[in-house]
Every structure is written in C-alpha cells, then in structure tokens.
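Here is how the chains run, residue by residue.
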Amino acid sequence: MSDHNHQRFNEAVVAHVAVAIEAQDALAQVVDLNGSYQADIEQGVVTIAGRPLRVLLLGTVSKESRTWLWAWANQGFSPALPAIGPVRRVAEMAQPWGLWELGEPQFSLDGVLDTGLGAGASVALLAAPLAGATAFYSADYGAGIAYFGIVDPAVPRPAAQGVTFPRRIMAAVDLQPGNPRAQVLTYAAVHGLRVTGDERQLKVQIGPDTLSVLFDEQGRISNISGTLNPSAR
C-alpha cells in the first residue's frame, strides 16, 4: 500500500461536504436509515427497512486493519457485476484529480478526515458522485462496514434551489470550516451552476435566482444574499 499522506484527499472531502449533506438528506426522506438492511450484491440491491434500492458497492472497511478496499479490487466479487463494474470509473479520476487513493486497491484510513460518520464515510461521500451515485449507505456486517452508492431512481439528486442554497453551504461550513470557497465552487460544479466573481465574492446563478457569497480577508463566508424568485419562497 502507498505511504503517501491524505492531505489532498482530505481537502477534496471538505469541498464535497455540502453535496454530501444534501444527498444524505434526500436518502433519509426515502428510507429509515436506522432500520435493518439486507444486501444482495449479485442483484445490486440493498433493502433498507423493507425498501429495496438499486446500489453500487463502493468499497469496504476492515475494522481490524482500518483499511479501505475498493469493490473492484475485492477478490470476493466479480468485477463484471453491475454493482461493481461502474465503480472502476472512480479509479480513472485518480490521476486527473491528483488523488492517489482513488486508484489504490487498498489503503490505510489513518489520517483520512472523519467528518462525523467515520473515515470510511469520507471516502464514500467522495466516491459516490464519481461513480454515478446520488448518496451513500453504510452497512455494518460485523468485521467491517460496506459502503454502497445509491443509484435508484427513487433517490434522485436534489435540484439546486436558491432558497435552500445558503442553508446547504452553511451546514457544510459548520461541519468542516476549512475551505468554504471550495465548498461553494464544488456544489456549483456538481449542479452545473454558473459562477462568476473574484476572491472576495462569488455570484451563483440558480435558475432565476442569483446568490452572492461574500468572503472576508481570512476566506471565511461573511454573508450570503441575493434575489429569489417569489414563487420559490
């Protein structure tokens, strides 16, 4: 396994927190995440609290070794399975993004940022959208935790809205305040939103709404304001 540090990876995790919070909220509206689960990797289905959902297996975490193992590198599963094959596209982003973890079959989680759900969840929240999934689901199986990406039509990615944008961004900042500018830009990129501005201000176009994010000299968000379509209020 590589002995590189996780600095760049952790920065990417922080940047994706707003997207992850939004996605996990969407999943929680469909299923009871505290309910029991059953997984069928061959069929690519996880049933949560009685609700079956189409999934990808992103990877697993060993509790004993504290390592992440990508699903495509897990010899217990055929890489041709529909729940495994698409995850290989995550590895293709290792070089362009400069994140060696995405292409390393197995690596230690020591030093990986924990946003509150465990270091494995940090890998999953970054991997899920890269694999084409909306949210992720963690399933404890005793010796480890399996992380699934949700690809079911019942859990679509929520559309960006001007009325919810400030709350999404500030929730991410409250959870991981390291780089709010990256959080705004990443949220906009994932949703395909137009962004203009400079170091002290970013203007985000969300449909008919324009939101202005102001930053202070330390790069912290000092204010989010803008014009909202009356029908969205």
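Quick note: structure is the one above.
Nothing here was measured: the structure is a model prediction, and the numbers come from that model. (Residues numbered from 1 in each chain as written. Predicted model: local features only at pLDDT ≥ 70, side-chain atom pairs only at ≥ 80, totals over all residues. Heavy atoms only, no water.)

**Student:** Teacher, can you tell me more about the side chain of His 16 here?
**Tutor:** Here His 16 shows up in the loop between helix 1 (7-15) and helix 2 (17-28). Excluding residues that lie within four positions of it along the chain, His 16 makes contacts with Trp 97, Leu 125, Leu 126 and Thr 186. (Helix = DSSP H or I, 4+ residues; strand = E, 2+ residues; numbered from the N terminus. Contact = heavy atoms within 4.5 Å.)

**Student:** Would you take a moment to explain the packing of helix 1 against helix 5 (residues 119-130) for this structure?
**Tutor:** When two helices pack together, their arrangement is given by the angle between their axes and by how far apart the axes lie. Closest axis-to-axis distance for the helix 1/helix 5 pair is 10 Å, and the angle between their directions is 65°. When the interaxial angle is binned, helix 1 and helix 5 end up roughly perpendicular. Helix-helix and strand crossings are classified by hand; for helix 1 and helix 5 the assignment is left-handed. Together, Phe 9, Ala 12 and Val 13 of helix 1 and Ser 122, Val 123, Leu 125 and Leu 126 of helix 5 make up the contact between the two elements. Among the residues forming the contact of helix 1 with helix 5, the class breakdown is six nonpolar, one polar and no charged. (Axes fitted to C-alpha atoms, helices over the stretch in contact; angles between N-to-C directions. Parallel < 35°, antiparallel > 145°, perpendicular 65-115°, else oblique. Left-handed = near helix turned anticlockwise from the far one by under 90°. Nonpolar A, V, L, I, M, F, W, Y, C, P; charged D, E, K, R; others polar.)

**Student:** Sorry if this is basic, but what is going on with the packing of helix 2 against helix 7 (residues 180-191) here?
**Tutor:** Here helix 2 crosses helix 7 at 55°, and the two axes come no closer than 7 Å. Here helix 2 is positioned oblique relative to helix 7, judged by the angle of their axes. Each of Val 17, Ala 18, Val 19 and Glu 22 in helix 2 lies in contact with helix 7, whose residues at this interface are Gln 183, Thr 186, Tyr 187, Val 190 and His 191. Tallied by class, the residues present in the contact of helix 2 with helix 7 amount to five nonpolar, three polar and one charged.

**Student:** Would you take a moment to explain the pairing of strand 9 (residues 201-206) for this structure?
**Tutor:** Every other side chain in a regular strand lies on the same face of the sheet, so the side chains alternate between the two faces. Covered by surrounding structure in strand 9 are Leu 202, Val 204 and Ile 206 only, the residues Gln 201, Lys 203 and Gln 205 on the alternate face being uncovered. Where strand 8 (residues 194-197) lies against strand 9, four bridges are found, and the strand directions are antiparallel. Paired with Thr 196 across the bridge in strand 9 is Lys 203. A loop of three residues connects strand 8 with strand 9, the two strands running antiparallel in sequence. With six bridges connecting them, strand 9 and strand 10 (residues 209-215) associate as antiparallel partners. Note that in strand 10 the partner of Gln 205 across the bridge is Thr 210. Here strand 9 folds back onto strand 10 in antiparallel fashion, the turn holding two residues, of which Gly 207 has a positive phi close to 60°. (Buried < 20%, exposed > 50% of the residue type's maximum accessible area, 1.4 Å probe, protein only. Pairing = 2+ DSSP bridges.)

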